[in-house]
Amino acid sequence: MHGKDVETNCKMLRMLLRKEGVLSEVAENGQIAVDLVLSDVDKYSLLLMDNQMPVVNGVEATKRLRMSGYKNLIVGVTGNVLEDDVGEFLAAGADLVMFKPLKMAQLSTLLTFMDENGSTSMWPFKVLKQVSNTLEWVDENSDDLEWR
């Protein structure tokens, strides 16, 4: 599932995901995203949470899902590259933060990681870090989070 963004961005993201063989669903706003996920927690193995979703933003939606016990991967998506913005998403429970515009290589790397490791989050103990064309779990307090 991914949260609603500008219509053009949603179409592009759906096209990229479809190329990878992934079925996706768009939530019109953050509150709807939370409600959909909590109504069937096993339905979604990956959530892409846009920071600028209406009603409830991606950070708050992520926080609500984690507080409700949601255990699968959540990726924050933002156009803000400041460390504080990334840190806010990670503190809310995101496993990884990706920057807009998302690229096919990023999505492919994420989906390959999920194929090899499953979709269960290790948050709050570890976050995902991109290393070359792979992702790996690292301690959340690691000084080795240079991708921020």
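This text goes with the structure placed above it.
In short, a report on the structure. Every chain's residues receive numbers from 1 upward, in the order its sequence appears when written. Selection of residues for local features in this predicted model requires a pLDDT of at least 70, selection of side-chain atom pairs for listing and counting requires 80 or more, and totals for whole chains, interfaces and linings are taken over all residues. Hydrogens are left out, water is left out, and the side-chain values use all remaining heavy atoms of the structure.

Digging into the environment of Pro 54
Strands here mean DSSP runs of E at least two residues long; helices mean DSSP runs of H or I at least four residues long; both are numbered from the N terminus. Structurally, the position occupied by Pro 54 is in the loop between strand S3 (46-50) and helix H3 (58-67). For the pair Pro 54 and Gly 30, spaced 24 residues apart in sequence, the C-alpha to C-alpha distance is 6.3 Å.

Concerning the packing of H3 against helix H4 (residues 83-92)
When two helices pack together, you describe them by how their axes are tilted relative to each other and by the distance separating the axes. Following both chains from N to C, one finds H3 and H4 inclined at 20°, their axes separated by 8 Å at the closest point. For the element pair H3 / H4, the angle class is roughly parallel. Residues Gly 58, Val 59, Thr 62, Lys 63 and Arg 66 of H3 form the contact with H4, whose participating residues are Glu 88, Phe 89 and Ala 92. Among the residues forming the contact of H3 with H4, the class breakdown is 3 nonpolar, 2 polar and 3 charged. The axes are straight lines fitted to the C-alpha atoms, using for helices just the contacting stretch, and the angles between their N-to-C directions are given from 0 to 180°. Should an angle lie under 35 degrees it is considered roughly parallel, over 145 roughly antiparallel, and from 65 to 115 roughly perpendicular; all remaining angles are considered oblique. Two residues form a contact once any of their heavy atoms are found within 4.5 Å. Three classes are used: nonpolar for Ala, Val, Leu, Ile, Met, Phe, Trp, Tyr, Cys and Pro, charged for Asp, Glu, Lys and Arg, and polar for all others, with Gly counted as polar.

A closer look at helix H2 (residues 30-39)
All buried positions along H2 are accounted for by Gly 30, Ala 33, Val 34 and Val 37. Projected down its long axis, H2 shows its buried positions confined to an angular sector of 95°, all on one face. Close packing links the buried residues of H2 with strand S2 (26-27), S3 and H3. In protein, a polar contact means a hydrogen-donor-capable atom and an acceptor-capable atom, both N or O and within 3.5 Å, with residues adjacent in sequence counting only if both atoms are side-chain atoms; elsewhere, any N or O pair within 3.5 Å suffices. A side-chain oxygen of the first residue of H2 lies 2.9 Å from the backbone nitrogen of Gln 31; this N-cap is Asn 29. Each residue is assigned to one of three classes by its accessible area relative to the maximum for its type, calculated with a 1.4 Å probe on protein chains only: buried under 20%, partly exposed between the two thresholds, exposed over 50%. Note that the arc is computed from the directions linking the helix axis to the C-beta atoms.

Let's talk about H3
Among the residues of H3, those classed as buried are Gly 58, Val 59, Ala 61, Thr 62, Leu 65 and Arg 66. Seen end-on, H3 carries its buried residues on one side only, within an arc spanning 165°. If you follow the buried residues of H3, they end up packed against H2, S3, strand S4 (73-78) and H4.

Some remarks on the side chain of Gln 106
Here Gln 106 lies in helix H5 (residues 104-117). A relative accessible area of 19% means that Gln 106 is categorised as buried. Once residues within four sequence positions are removed from consideration, Gln 106 is found in contact with Met 98, Phe 99 and Pro 101.

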